[in-house]
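Breakdown of the fold
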Amino acid sequence: MGAGAGTSTGGGTSTGASTGTGGGAGTSTGTSAGTDTGATPGAGTASGAGTGTGTGAGGPAGLRDFYENPAVPVASGDARSRRQARLLAAALDRPGALVLDVGCGDGTAAAVAGPILAGHRIVGVDWSHDALRRARPRMSHVVRGEVDGGGLPFTDGCADAVLFSEVIEHLVDPDRAVDELRRVLRPGGHLMLSTPNLAAWYNRALLLAGRQPVFSEVSLRGIHGRPGTEVVGHLRLFTARALRSFLRSAGFEDVRVSAAPFHGVPRGLRLIDRAACAVPSAASILLAHARRG
C-alpha cells in the first residue's frame, strides 16, 4: 500500500515501497548502529550491500530503481504506528531493549512510536539511500542493511524486538527475510509485523464486483482495475489466516493477529474501517505479534 513499508512502520497503506524496501544505504547512515546496538564491526557504514529489504539480493533492477524513486510515498499511517508501538511496549519486560526497525523508511513511523517506546533503543534499518537520508533527522541511530542477500549487519540473537512494518508485501523472497529477522532476535524476542489485508472488508466487495482488490498491483507503471492513484510496488498479500500460518512455519510461536485502520480509506468510510478492526480477518491492516521460539 503505500507508504511505508519501510517506514518501520509502514506505508501508505502498506508503506511505501521506498520505505519498505528500505533504504538503501546512506553513506553515513549506518555508522551509529555501532557495537552498542549489536551490529557487527563496520556494519552500518553504509557501504553495505544494497540489496534491500524490498527486492532482495540481486533483486530485479526495475524494483530497486522504483524503491529509490523519491516520488514513491514513504509516510505511514499514524494509527497503525501507535497501535503497533503500544503492543510492543506492553510486551517488553525490561527497559533498555534493543528494537530494530527493519524497513524504517523515512523514519516517520519511528517518530510516532518513539514516545510510546521511551526507554528503549530504536535503530532504523533500510537499504534505500533516499529513505535513510530522510530518516536520519528523526532517528538517533540508522544503518543500512538488507534482509536478503548478505543479511542484516547484526549479530545472532542481539535484538529484543524487531519492527517489520509494511515491508513484507514488497518482497520477492519473504521466507528468507523472515529467517533473517528470526536470526537477529534473541530467543523469546518479539516480532511485530504489519501488512495490508488482502481480505479487508472492502476488498471482499470489490472482488464480488469483479474489481482488483485495494493493495494489489499488476504493474509498476500505473493503476489498473482497482481504486487508488499511487503505485507502491506490492508483490505479496496476506490474509490473517495465511499470515499466522506463514509465521508459525518460520519458527515463531504465540502468533497473535490484531488490526489497524487504513489512513487511505475515504473519509465517509472511516468509521466502518475502524469498526472492522474488531474482526482482524476483515480489517484493513494486519498487526502480527509473534515470539522467536
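For the structure, check the block above.
Residues numbered from 1 in each chain as written. Predicted model: local features only at pLDDT ≥ 70, side-chain atom pairs only at ≥ 80, totals over all residues. Heavy atoms only, no water.

1. With respect to unusual backbone geometry
Non-glycine residue glutamate 166 carries a positive phi angle of around 55°. Looking at the secondary structure, you find glutamate 166 in the loop between strand 4 (159-165) and helix 6 (174-184). On the basis of relative accessible area, glutamate 166 is assigned to the buried category, the value being 1%. Residue phenylalanine 215 is not a glycine yet carries a positive backbone phi of 85°. Mapped onto the elements, phenylalanine 215 comes out in the loop between helix 7 (201-208) and helix 8 (240-249). (Helix = DSSP H or I, 4+ residues; strand = E, 2+ residues; numbered from the N terminus. Buried < 20%, exposed > 50% of the residue type's maximum accessible area, 1.4 Å probe, protein only.)

2. Quick word on the packing of aromatic side chains
Evaluated as defined, the whole model comprises four aromatic pairs. On the basis of an interplanar angle of 75° and a centroid distance of 5.0 Å, the ring pair of tryptophan 201 and tyrosine 202 is categorised as edge-to-face. Residue tryptophan 201 is classed as partly exposed on the basis of its relative accessible area of 23%. Residue tyrosine 202 is classed as buried on the basis of its relative accessible area of 13%. Grouping aromatic residues by their ring pairs yields a cluster made of Trp201, Tyr202, Phe215 and Phe262. (Phe/Tyr/Trp six-rings, centres within 6.5 Å; stacked < 30°, edge-to-face > 60°.)

3. What about the pairing of strand 5 (residues 185-196)?
Of all 12 residues in strand 5, 11 are buried; the element is thus mostly enclosed. In terms of strand pairing, strand 4 meets strand 5 through six bridges, oriented parallel. Residue phenylalanine 164 lies in a different strand from strand 5, and its bridge partner there is leucine 193. Taken together, strand 4, helix 6 and strand 5 form a β-α-β motif whose crossover is right-handed. (Pairing = 2+ DSSP bridges. Right-handed = clockwise from strand over helix to strand, strands pointing away.)

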